Each structure stands twice: as C-alpha cells, then as structure tokens.
Amino acid sequence: MELLYKSTRGGENKVPASRAILEGLAKDGGLFVPERIPALDVSMDELAGMTYQETAYQVMKLFLTDFTEEELKKCIADAYDEKFDTEVIAPLAKVENAYYLELFHGATIAFKDMALSILPHLMTMAARKNRIKNDIVILTATSGDTGKAALAGFADVPGTRIIVFYPKNGVSPIQEKQMVTQKGDNTLVVGIHGNFDDAQSGVKKIFGDQELAEELNQAGFQFSSANSINIGRLVPQVVYYVYAYAKLLESGELEEGEAMNVVVPTGNFGNILAAYYAKLMGVPIAKLICASNENKVLYDFFRTGEYDRNRPFILTTSPSMDILISSNLERLIYRIAGSDAAEDVKLMTSLNQEGKYRITDAMREQLKDFRGYYATEEECAGRIAEVYGDTGYVLDPHTAVASCAYEKYCVETGDRTKTVIASTASPYKFTRSVMEAIDAEKYGQMSDFELVDCLEEISKVPVPAAIEEIRTAPVRHCTVCEASEMKQTVKEFLGIK
C-alpha cells in the first residue's frame, strides 16, 4: 500500500516519499510527515537474525513505498559499506547498567552518518524517478555534525551542489577542521557570525523565498535539505532503534516482548523522534528519555508544556545540542494535536512571533511516555571522568549528557527497565572536552592533536581515519558572512547574479 506524505501545516497536497525527499521542506513551511506510521510486518524474532542492511530494508520499505525493492536495496548497499569501520554498523556496548548504541562508526564519526550516508543515494534516485533535470542544491545549517556528514555524503555526487552554514565560534575545533578541509568541487562551507539558530532560521528563510526559487529554476537549480527536517534523514534513523532491540533480543539481553527504555541526547529532536516512530511501528519501547544540556528548552517543555526559546543561548561542550529551536518537534506537535494543521500553524506562528507556545492538557497527556532531564557542564564532565574511571569506557560530551539524564531518571523513578543510550559521537570528535574532563591538569595545555594521541593511549581505541586525515589537510573553505548575507552567498556560489 502506498504511503503518502503531507505537510504539518496543511497547505500542500499529499506527495509520495520520493517527492517529499526532494523537496525537503514543504512549500508552506511545514515538515513532511507520513499520513500514518506503518506497523512492522516481520516479527522481532525474524529481525533478530538480520544484518543492519537487511533490517534497514524491512523498515524503510514501509516508509518509502514508491521506491522499488531493487532501488531501495541498492541505496542501502551503497550507504552501509566499508565507509563504516565495523560490519555491524551500529554496535551495542554494555557499560555498567546500560547499553550504549554506538552510532559513530561512519565516515565522520557522528550519528549523522547513519542517515547522511544513504540520503544522497535516495535523493539522486528520487530525482531520476521524478524526471528532475535541475541540479539539486543541498542547503544545510549545522550545529557541528550534520555539516561534515552531509558534505562527505554529497561531495562530487553528480547533479548536486551542497552549501553548509555553521556558527563560526559555535563548534568544536575538530568539527570545524573536518568541515573546512572538505574536498569536492560541488561543496561550499560558510561560517556565520551568530549561533546555530541564526543559521537554521536563515536557511529556512531562503527555502521560503519563492522569488529566489524561481531565479534558481531559471539557472537550472532547485533547493533541497540534508537537515533532519528532510524525511529522508528521519526514516533511516528509525532503523537503528529497531536494530538495537532486535540485537538485544538475539543476544538474550531482552526476552521477547520485554520493553526497553531509550535515552537520546537531543537538540533538533530528530533522533528521539525516530525512536518514537520505532515505538509506534511496534518496537517495545517504554519510556523515551530526552536529554538536554544547559540549553534546556526541551527539558522545560516536557516539564511544563510550554516551549519558550526566549532565553540566553549557552555555548557548551556538547555543541550539537546547543539549539533553542528544535525543528523536528513540530512533527510531534502535529501528531499530538490530532493531525490538526490549523492548530500546528497557530502554535508555530506563536513560536515565530513571540518565541513561545503552550500546548493543551489533552496534548500533554499524549506525551506521558516522554521524560525530560538535563545535565550541567559540570555534571557532564563529571560523568565522563566517572565512567572512564570505573570502566575505561570513554564518552563524548553529548553521550555523557544522556548518561547523566539516565542516572537522574533512575534516581527519580527507581525504574530498572533495560535501557539503550544513543551514543551519538566518537570522543575523538571532542578530544579537548573529553581529556580535560578526565584530567584537566594533565591535559589542559596540550594541542588538539596531542590530545588525540593521548585519547588513543587511554581508550585503547585506534584513532579513526576521519581524524587522521585532517591532521595535515589544507583548509579549502574560508568564507565567513553575516546571517543577513546568507542568500547572497548562495547566489554567488551558484553563479546567479
């Protein structure tokens, strides 16, 4: 049965998956959502014996119904290959009383690789299916990880260009070096003076500029997005939660039908929304624990029912979560509003104009499976040191935030349900924060790449290729602009006067 996609804001006809992937953001400014969440049509016992690639097909075929079996399997095979440093793609590490789902074994050592390895293949396949003649221009804002993963995925892909905007002083040195050394004649990386929300708002504004869209069309281009607002990013993320449950079942850590909890360090809300979709598909997930850093807008939302971005923006050691406008939350809001586009528009308009909105008690009731917790910078560093000291396992700061949230949840509730923690980045991506958390006095004066070598020594984990290759790589992207200059920067890169 074909599954169509509609906009959360109701101003667009239903479209097939390939069209939703190509457009990225709906023309009315809404996000594409499936008209229903499909149920898994294979048993967990069957899934338990499957590879990651086989699991991906079983999940994605239900969402991407206008792709043929051959097309989808080719996209999956091309995505989940030797770019990952482990055949299992997303291994589970049992540490203390939780299972860390390691989502950082791809080309750029962050969880964004899980979806951005396949998105270019889905998008180019979708362009062929829809007889698109224009080049696809991927326009993306990043808080650190999406940018590099998208650049790596789309670099030199025929028929595409990619432009990434990032906050100039809002990412880690390693994250920045990964982006500005990116090869590929079709790539552009731009630092902006401002924070991630400024970059994300600027990208959304460009997407909504119909005059610019027409200029691009005349020049043979059209925009799409690699951000998690693209349904082609979200669907592949559902896979690893299905896979995690199946593997815990296969290993005997879970019994058939036994529920697990999931903890996700959360910024733009896409990763935890994918876990929610997995639950709706039939995966026995009990609680969805949303972990925030000191930019705790989501923590406050789940505690009070009010989303309020009117607060100071705090730069933390977990920069991919330094976000005050969690775009993917709109998909959840739309669902708990009873798929009422008018109600969604009202709330999103309030967010845009007043910086906040409040959901009804009836909507809050539908969030009872979500719990929000946050960790301070001090708690995050303490957790990195504690887990390393007790087990030798090294957490990156984002995963440490999630680990703190899980500890707080256990203390508050006494719930001992088996729990998967989404481990979203390699500690090598944040070596300074990690090593200074472990021993500030010993490591505080070392250079970033000296710290890389020290991390290898203490963790016994080899330095990933993604880090080795940027040690001496030349900087290729030096463009910096104001948020107000983003549109002009895009036009100049595309040669549009």
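In the block above lies the structure referred to throughout.
Residues numbered from 1 in each chain as written. Predicted model: local features only at pLDDT ≥ 70, side-chain atom pairs only at ≥ 80, totals over all residues. Heavy atoms only, no water.

## Points about the layout of surface pockets
If you roll a probe as big as a water molecule over the atoms, it shows you where there is empty space left. One number sums up the size of the largest pocket: a volume of about 940 Å³. Contributions of two or more residues to the lining of the largest pocket are made by α1 (17–23), α9 (196–207), α10 (210–219), β9 (221–224), α14 (329–336) and α15 (341–354). Residues that form the lining of the largest pocket fall into these classes: 13 nonpolar, 12 polar and nine charged. There is about 570 Å³ of room inside the second largest pocket. (1 Å grid on protein atoms, 1.4 Å probe; cavity = no way out; pocket = protein on both sides within 12 Å on 5 of 7 lines; lining within 4 Å. Points joined across faces, edges and corners; volume = space filled by probe spheres on them. Helix = DSSP H or I, 4+ residues; strand = E, 2+ residues; numbered from the N terminus. Nonpolar A, V, L, I, M, F, W, Y, C, P; charged D, E, K, R; others polar.)

## Overview of the packing of helix α19 (residues 431–443) against helix α20 (residues 448–459)
Running from N to C, α19 and α20 cross one another at 85°; their axes reach a closest spacing of 10 Å. On the basis of their axis angle, the class for α19 and α20 is roughly perpendicular. Contact residues: T431, R432, V434, M435, I438 and Y443 in α19; D448, L451, V452, C454, L455 and I458 in α20. The class makeup of the residues in the contact of α19 with α20 is nine nonpolar, one polar and two charged. (Axes fitted to C-alpha atoms, helices over the stretch in contact; angles between N-to-C directions. Parallel < 35°, antiparallel > 145°, perpendicular 65-115°, else oblique. Contact = heavy atoms within 4.5 Å.)

## What to know about the sheet that holds β9
Ordered by their spatial adjacency, five strands build an open sheet running β9-β6-β7-β8-β16, and the pairing between neighbours is parallel. Edge positions in the open sheet fall to β9 and β16 (479–482), since each of these has one partner strand only. When strand polarity is set aside, the average angle formed by the axes of neighbouring strands in this sheet is 30°. Sheet strands touched by α9: β6 (135–141), β7 (160–167), β8 (187–193) and β9. Its angle to β6, the strand with the most contacts, is close to 150°. (Pairing = 2+ DSSP bridges.)

## Remarks on the sheet that holds strand β11 (residues 285–292)
On the basis of which strands lie adjacent, the open sheet formed by six strands has the order β4-β5-β15-β10-β11-β14 and mixed pairing. Pairing within the sheet leaves two strands with one partner each, and these edge strands are β4 (92–95) and β14 (370–374). Neighbouring strand axes in the sheet, compared pairwise and without regard to direction, differ in orientation by 25° on average. Of the strand pairs in this sheet, β11 and β14 are connected by five bridges, and their pairing is parallel.

## Topic: the nonpolar core
With 115 residues, the main nonpolar core has Y5, M60, L64, F269, I333 and Y357 as its most contacted residues. Of all the elements, helix α11 (residues 231–250) adds the most residues to this core, at 14 residues. Excluding residues that lie within four positions of it along the chain, Y357 makes contacts with F301, G305, E306, Y307, L329, I333, L347, M348, S350 and L351. (Core = buried A, V, L, I, M, F, W, Y, C linked by side-chain atoms within 4.5 Å. Buried < 20%, exposed > 50% of the residue type's maximum accessible area, 1.4 Å probe, protein only.)

## Quick look at the side chain of S326
The residue S326 is located in the loop between β12 (306–308) and α14 in this model. The class for S326 is buried, based on a relative accessible area of 5%. Once residues lying within four places of it in the same chain are set aside, the contact partners of S326 are G267, N268, F269, V297, L298 and Y307.

## Focus on helix α7 (residues 145–154)
The buried count for α7 comes to eight of 10 residues, which makes it a mostly enclosed element. Within α7, burial applies to D145, T146, G147, K148, A149, A150, L151 and F154. Remark: D156 follows α7 within two positions and exhibits a positive phi of approximately 60°.

## Re α20
The end-to-end C-alpha separation of α20 is 16 Å, in line with the 16 Å expected for 12 residues at 1.5 Å each. Along α20, the positions that sit buried rather than exposed are L451, V452, C454, L455, I458 and S459. Buried-residue contacts for α20 involve α17 (377–391), α19 and α21 (465–468). Downstream of α20 by one or two residues, K460 has phi in the positive range, about 65°. (Expected span 1.5 Å × (residues − 1).)

## Regarding empty space enclosed by the protein
By the definition in use, this model includes three cavities of 30 Å³ or more. If you add up the space inside the largest cavity, you get close to 260 Å³. Along the wall of the largest cavity there are 26 residues; nearest its centre are F111, K112, G267, N268 and S320. Broken down by secondary-structure element, the contributors of at least two residues to the lining of the largest cavity are α7, α11, β10 (260–265) and α12 (270–281).

## Remarks on the environment of T360
Relative to the elements of secondary structure, T360 occurs in the loop between β13 (356–358) and α16 (361–365). Considered as a pair, T360 and E485 are 125 residues apart in the sequence and their alpha carbons are 39 Å apart.

## Some remarks on the environment of E412
By secondary structure assignment, the location of E412 is in helix α18 (residues 397–413). The exposure class assigned to E412 is partly exposed, which follows from its relative accessible area of 45%. When near neighbours in sequence (up to four residues on either side) are disregarded, E412 contacts R303, R371 and Y373. Only 2.7 Å separates the side chain of E412 from the side chain of R371, close enough to count as a polar contact. (Polar contact = N/O pair within 3.5 Å; in protein donor to acceptor, adjacent residues only side chain to side chain.)

## Digging into unusual backbone geometry
Residue R131 is not a glycine yet carries a positive backbone phi of 55°. Within the secondary structure layout, R131 lies in the loop between α6 (119–129) and β6.

## Regarding the pattern of salt bridges
Within the structure shown, the criterion is met by 32 salt bridges. Among the salt bridges present, the one from K14 reaches E35, with a minimum N-O distance of 3.1 Å. Here the residue K14 occupies a position in the loop between β1 (4–7) and β2 (15–16), and E35 occupies one in the loop between β3 (32–34) and α2 (44–48), the gap between them amounting to 21 residues. Here K14 falls in the partly exposed class, since its relative accessible area comes to 47%. One salt bridge in this structure joins E253 and K94, with 3.5 Å as the shortest N-O distance. With E253 in the loop between α11 and β10 and K94 in strand β4, the pair connects residues that are 159 residues apart, well separated along the chain. Residue classification places E253 among the partly exposed residues on the basis of a relative accessible area of 25%. (Salt bridge = Lys/Arg side-chain N within 4 Å of Asp/Glu carboxyl O.)

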